[in-house]
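Commentary on secondary and tertiary structure
Given next are the chains, with one letter for each unit.
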Amino acid sequence: MYDTAKTESALDQTETKISARNVQVYYGDTHAIKDVNVEIEDKTVTAFIGPSGCGKSTFLRCLNRMNDTIDICRVTGDILLDGEDIYDPKVDPVQLRAKVGMVFQKPNPFPKSIYDNIAYGPRIHGLARNKAELDEIVEKSLRRGAIWDEVKDRLDAPGTGLSGGQQQRLCIARAIATEPEVLLMDEPCSALDPIATAQVEELIDELRQSYSVVIVTHSMQQAARVSQKTAFFHLGHLVEYGETGQIFTNPEDPRTESYITGRIG
Amino acid sequence: MPTAWLVVFVLAVSAIGYIAGRRRALNSAGGDSRALHSLPVYYGFNVALSALVPSLLVLAVWLLAQPMLVENRVSGMIPAEAIPESSTLGLVMSDVRRVAEGLDIAVQQGALSEQEARAIRADVTDVRARLGDLGVALGSDVRSEVLSAAQRYRQITATGHLLMTLVVAALTLGGLGFAYARTNKDFRARNVVERGVLALLILAASLAILTTIGIVLSMLFETVNFFRLHSWTDFFFGSTWAPNFRGDSELSILPLLWGTLYISFIALLVAVPVGLFAAVYLSEYAHGHVRAFAKPLLEILAGIPTIVYGLFALLTVGPALVRVFGRGSEGLLGVDWMSGATSVLTAGVVMGIMLIPFVSSLSDDIINAVPQAMRDGSLGLGATRSETIRQVVLPAALPGIVGAILLAASRAIGETMIVVMGAGAIAKFSLNPLESMTTITTRIVSQLTGDTDFASPETLVAFALGITLFVLTLGLNVLALYIVRKYREQYE
Amino acid sequence: MTDTSQQGGGPAAPARKHGETLMKLTARTKRRNAAERRFQAYGIAAIGVGLLMLVILVVNIFGNGMGAFTQTFITLDVHLDQSKLDKKGNRDLEDIKKVSTFGYAPLINRAFETKAADLDLKSGLKPKAMADLLSKSAAAQLRDYVLADPARIGQTVSFRFLANSRVDGYMKGRVSRESIANDKNISAAQLDLVDELIAEGTVRRTFNPAFIFGADASDQRPEAAGIGVSMLGSLFMMVVVLALALPIGVAASIYLEEFAAKNWLTDIIEVNISNLAAVPSIVFGILGLAVFINYMHLPMSAPLVGGLVLTLMTLPTIIISTRASLKSVPPSIRDAALGVGASKMQAVFHHVLPLAAPGILTGTIIGLAQALGETAPLLLIGMVGFIASNAPDGVAAGLMSPNSAMPAQIYEWAKRADPAFYERAWGGIIILLVFLITMNTLAVILRRRFERRW
Ligand SMILES: Nc1ncnc2c1ncn2[C@@H]1O[C@H](COP(=O)(O)OP(=O)(O)OP(=O)(O)O)[C@@H](O)[C@H]1O
Ligand SMILES: [Mg+2]
């Protein structure tokens, strides 16, 4: 297939961050992801697109083993992060998730203060040795989350009191605070208005400088705007994966074309 | 049981009314039920309900009101100078009622004829002794005003009863006749019946309010009587509980309240950690089958009647604790800190066991109400499950859990059997959990069982205790429900 | 990032771009995982404690209570001596009745004497001391037997007497030679006799239906006490509760769920009901005492009063569960009925109520089970301290004449001084629990069988 050929050449490229090989995911008897192979590059924004229920979220959640929390979910195949199999029994998902952070569709700030929301990750991972360091991490994360100016005067206010867009940026800042290497985002803008969406997109573009970002989106425009690579999923298959420009202008697979032009989905 | 026969009569008449009404309606339509406005059963029901409902309502109201009216009439007979000092009209009246009751029993058992009962005179016969023979104990000798009032009381009651029977019977027959006469094929029987049924439904729903009013009034009246006999400052602020049936009691709620709160505290100390951890494990960790097995088993603990826990405290836990903490050198610890099986610890531990499922199932609900997104957010940052639970789920569920604990506390404060059997009877302020202590509920039971004399503060104090308990538990409940509701709204 | 790897300990693998290897657990992760395991252990321990308590409770109940279902009997051949029982010899019932239980005691003494002679027992006890092994009711038992059929006078009959509670306790291991050191009711010599009689088969422990069906007995005769009469008391109370709480509860729920407008009155009623459900049961007892007994002059200790009090107590439970099952009937059913021209009332009574019936029944059974086990309010209306020695004759007497109830009877036994009653209290609990388990199982079966998913 198209992407296996690419895998061969990509293996020795250092910028490959995550590579998935023959990944299958089952929910009980449902076969949700069927034989997916993909190379996700470092310092790149990769977009997952596809019709609803095709398995985008499922695959995304495989990348930081969030699927472990679902009893009936079973994953086979290999997913390598920097060449290490993340499903190896020796790997602790807790350590993995510190490196592969996640932002969810609906903003989910904890019912704590803004400060504590951000400090949560650094605290559990022991990233700060003292209060001053923690303050620094919080400020840095909020700044990189492009929300510092809006909340710097009310760090003690509850995070749940922010607007939807602010909450989502808070969640992104919260994910950044643990210094992950990969950031997974599952439809991070679907609950946001256009202005907030624009802010978040801008933020994602900046994050590309230091992270590998994977974003699931239903918006073709958004995928085109923020991503360099795009993967199109359909009924659990990875149909096509390549440069975003190419996928949107010149798709190889007829299914991709019909989806992009709005005929399936 | 003439009242029961009256009810039987009313029911029988209604049944006849049903058949008659139905038949008359059908006849008026020439036997063709399609010509009727409503289905034939409605005509039957209309007649039956017309006979039944007004008469039963009047009966119920009459039964409730008659004692009050009789009391009013009779109390007028007692001259002010006949009321001894240190007593009140209400107390004299309770003597009157007791004598009247005694006479009733005497007549029933055939010790006195009806004539004798009416004519008996206090200055001739020793009424107290005679009634005493029949098992009706009177607190003091029967004075002649009291006796004649009692006789009058019986007389009015008897008349009232007769009148009631007549009125109810008349209403039944009248209702039947009226509805029967109205029955013809164009009569809108369904609408009338439905309106009647709706009224009955409303009546049933208001019974809840009536019960509350009944609870409050019944306790309030006697509490007021109590505070006439006993100073309220001693009750609320005194320091000693020492009822003395010869009078001059010290009746303060504070030592009882202390015992109640201490035992409840120990119960919560057992139930809250165990219940909360069990709930956390069941809802966050346990696999489906473990949950399906352990949860119902734990809930069995909540379905066991409190008498079982009481027995468990008295006969198992208490002696076991004595074996550990008591008996000097023969005991397990070689100490002699505990002498009897009843103690704060005994009652508290057993009550704690009873409350485990209460706390755990409430907390389970509350923990499950915390959105999964919260957990995902935390796990996605690389938190372990226990970190997620301790730092995200539990703080988010905190208000709900506080509500649950308050509900459990209210349960503990109002619990009776476990403390009656496990706590002991000594009212005191002590911090030693191995000593016997007593609680509000135990004292209510002990003051109101056996021979109760509604004229003595030692009996009446139970009502003051009862109303305090009611207010206390009600307050806790209202607060808890408020907190829980607020909490639920937060995630809706 | 370097910061993190130092925190984690160990230098980063050279082949990697940033961060440490995933294959090695950092010290911190190990610590956190240990905390995780501890936390889980607490949870398991908590559940373990809960289940352990359940097991202890059950073992306790059955361990202590099963004994109540068996009783020790002593079989003796009693010669119904005519010269003692019917001096005139004309079998006139009136004359025979004149012989009191004292007149029967010598017969029993004689029977023991004969037995001792037959078996060549060497206890050397006086006949009176031997007869003391029997229950204090033995003579009365014999007298009733004779009065039932005077023709038996003159015969020698083999008679099964209830043994004294100490003998019974000895058979059950509750009483031993050490424990009776200060007991005036039985001596070591008597126990020796018992041993001989056991070996010989005269003293036997068998199933005792009288415990389940019999009446309570006085303080002196724990061996004769049964729970049957108070079971009837409970039964009558439950009949009252069912007859009142079910219709009233259903009516109130129908009004609140189907007809009530959303206004302050409805709000008050609703708040009221949820609060009543949490009022301590003892408060209902006070209400019963003040209103039903003191004000309305209904008799003390009557199951009717108990039933009324329990009705008020159970109503909120029934209303809450009935409303839940009414609510679970989808609105489409009501709309369908209204659509074909039924009145609101008809829609509710013909369509909604039958569909909700299983749920209502389940809730009612659970409410009844709760009421059956309730004790505290019964204490205040005099159902304790009363010796339920006669079964009521007829429904009216069952409702109005003084009786006890199962939980009240159990409490009564627990209060008595003689430890022989404790066994009966535990035994009573077994019976009570059998009822409760049956009722709850019934409720579960009903729910399973009629559970409907719309
Ligand atoms: N927890 C689960 N249990 C069982 N099946 C699941 C679960 N989560 C997802 N699925 C199934 O797996 C398939 C893929 O679901 P997934 O959520 O990955 O789709 P998606 O592409 O993210 O869709 P959307 O765009 O709507 O978010 C679907 O058929 C879904 O029903
Ligand atoms: Mg999705």
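Our subject is the structure listed above.
Residues numbered from 1 in each chain as written. Chains lettered and ligands numbered in written order. Predicted model: local features only at pLDDT ≥ 70, side-chain atom pairs only at ≥ 80, totals over all residues. Heavy atoms only, no water.

Quick notes on the site of ligand 1
Residues and elements named next belong to chain A. As a structural note, the neighbourhood of ligand 1 is formed by 13 residues, with Ser52, Lys56, Ser57, Thr58 and His218 the closest of them. Glycine 53 is positioned such that a nitrogen or oxygen atom in its backbone is 2.8 Å from an oxygen atom of ligand 1. The contact in question runs from an oxygen atom of ligand 1 to an N or O atom on the backbone of cysteine 54, over 3.3 Å. In the complex, 63% of the free accessible area of ligand 1, which totals 630 Å², lies under the protein chains. With three residues, the single largest contributor to the shell around ligand 1 is helix H2 (residues 56-62). Of the residues in the shell around ligand 1, the class split is five nonpolar, six polar and two charged. (Near = heavy atom within 4 Å. Polar contact = N/O pair within 3.5 Å; in protein donor to acceptor, adjacent residues only side chain to side chain. Areas by Shrake-Rupley, 256 points an atom, 1.4 Å probe, with all protein chains shown as cover. Helix = DSSP H or I, 4+ residues; strand = E, 2+ residues; numbered from the N terminus. Nonpolar A, V, L, I, M, F, W, Y, C, P; charged D, E, K, R; others polar.)

Quick look at the pattern of salt bridges
What the rule picks out here adds up to 38 salt bridges over all chains. A salt bridge links arginine 129 of chain A to glutamate 133 of chain A; the nearest nitrogen and oxygen atoms lie 3.3 Å apart. Glutamate 270 of chain C serves as the salt-bridge partner of arginine 323 of chain C, at 3.2 Å between the closest nitrogen and oxygen. Of this pair, arginine 323 of chain C sits in helix H14 (residues 303-327) while glutamate 270 of chain C sits in helix H12 (residues 264-276), placing them 53 residues apart in sequence. Taking relative accessible area as the criterion, arginine 323 of chain C reaches 15% and is therefore assigned buried. Note on glutamate 270 of chain C: relative accessible area 26%, which makes it partly exposed. Overlapping salt bridges, with partners in common, bring together Asp168, Lys172, Arg174, Glu423 and Arg424 of chain C in one network. (Salt bridge = Lys/Arg side-chain N within 4 Å of Asp/Glu carboxyl O. Buried < 20%, exposed > 50% of the residue type's maximum accessible area, 1.4 Å probe, protein only.)

Quick notes on the interface of chain A and chain B
Facing the 23 residues of chain A at the interface are 18 residues of chain B. In this assembly, chain A packs against chain B so that about 1600 Å² is buried in total across both faces, 63% of it on carbon and sulfur atoms. Among the residues chain A hides against chain B, the three largest losses belong to Pro111, Tyr120 and Ile124 of chain A. Together they make up 30% of the total. Counting across the chain A and chain B interface gives zero salt bridges. Counting the contacts that link chain A with chain B gives four residue pairs in polar contact (both at pLDDT 80 or more). Contributing elements (two or more residues each) for the side of chain A that touches chain B: helix H3 (93-99), strand S6 (100-103), helix H4 (114-125) and helix H7 (164-177) of chain A. (Contact = heavy atoms within 4.5 Å. Buried area = accessible area lost by both parts, 1.4 Å probe.)

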